[in-house]
Amino acid sequence: MEKDGEPSTIDPQLSTIWAALAQVPDPEIPVVSIVDMGMVREVEVDGGRVSVTFTPTFSGCPALHVIRQSIEDAVRALGVLDVEVRSTLTPPWTTDWINADARERLRQYGIAPPAPAGEGLITLEAEPTRCPRCGSLNVNLTASFGSTLCKRLYVCGSCREPFEGFKSV
Ligand SMILES: [Zn+2]
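Just so it is clear, the structure is predicted and the values come from calculations on it, not from any experiment. (Residues numbered from 1 in each chain as written. Predicted model: local features only at pLDDT ≥ 70, side-chain atom pairs only at ≥ 80, totals over all residues.)

A word on the pairing of strand β1 (residues 40-46). For a regular strand, side chains alternate in direction, first toward one face of the sheet and then toward the other. In terms of strand pairing, β1 meets strand β2 (residues 49-54) through six bridges, oriented antiparallel. Each bridged residue has a counterpart across the sheet, and for Glu42 the counterpart in β2 is Thr53. In textbook terms, the turn of a hairpin is the stretch between consecutive antiparallel strands, and for β1 and β2 this stretch comprises two residues, one of which, Gly47, has a positive phi near 65°. (Pairing = 2+ DSSP bridges. Helix = DSSP H or I, 4+ residues; strand = E, 2+ residues; numbered from the N terminus.)

Our next topic: the nonpolar core. Among the nonpolar cores identified, the biggest contains 30 residues, and Leu21, Ile34, Met39, Phe54, Ile71 and Val75 are the most heavily contacted of them. Broken down by secondary-structure element, the contributors of at least two residues to this core are α1 (14-21), β2, α2 (64-76), α3 (100-109), β4 (111-112), β6 (151-156) and β7 (162-166). Element by element, the count of residues in this core is highest for α2, at four residues. Composition of this core by domain shows at least three residues from each of domain 1 (14-87) and domain 2 (112-166). Ile71 has contacts with Leu21, Val24, Val52, Phe54 and Val85, leaving out every residue within four places of it along the chain. (Core = buried A, V, L, I, M, F, W, Y, C linked by C-beta atoms within 7 Å. Buried ≥ 20, exposed ≤ 12 C-beta atoms within 10 Å, placed from the backbone. Domains from an automatic or database assignment. Contact = placed C-beta atoms within 7 Å.)

What follows is about the sheet that holds strand β3 (residues 82-87). Either a parallel or an antiparallel arrangement is found when strands of a sheet pair, and the pairing is made through backbone hydrogen bonds. Read from one edge of the open sheet, three strands run β1-β2-β3, paired in mixed fashion. Each edge of the open sheet is held by one strand with a lone partner, namely β1 and β3. The sheet shows a mean angle of 15° between the axes of neighbouring strands, taken without regard to direction. In this structure, β2 lies alongside β3, joined through six bridges in parallel fashion. Looking at β3, one finds that Val52 is bridged to Val85. (Axes fitted to C-alpha atoms, helices over the stretch in contact; angles between N-to-C directions.)

With that settled, the discussion passes to unusual backbone geometry. In the segment running from Thr90 into Pro91, the intervening peptide bond is cis, with an omega of -5°. Secondary-structure assignment places Pro91 in the loop between β3 and α3. Phi is positive for Arg160, which is not a glycine, with a value near 70°. The residue Arg160 is located in the loop between β6 and β7 in this model. Here Arg160 falls in the exposed class, since 10 other C-beta atoms lie within 10 Å of it.

Have a look at this one:
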């Protein structure tokens, strides 16, 4: 690991890298990984060099450098010396990239999973937001943004519990 200037002798497998990235938690929501959230867009292996391209969930999220460092650390932990981490905003991240398993874990964590963004439809809130606790549709938006720029804060009109929901983008 400390051979200055020497190329890595390890030839990492793509699947190994993806598996390692799947262990990197979302910095905002630790119950899901950055792979679950669809943030990792591309992994390239060129000899001993690994390039990872990711798209942050929201450009306003403050965790960009945290994600970048976590990706780099995860790949380096595999013994890869030469790691490049790039972020891209094109195409922009969409809640549609969150995998089904992660949506269920978000719900159990108390965050309302995002409604499908819709195929090219210019509609916000294509599907109503449900309370993650009682399932009621009688919810009220209390603030445009929750504890982070990524989420909205709701209050359930049935069980009176506040909860966070994703903005569908
Ligand atoms: Zn409720």
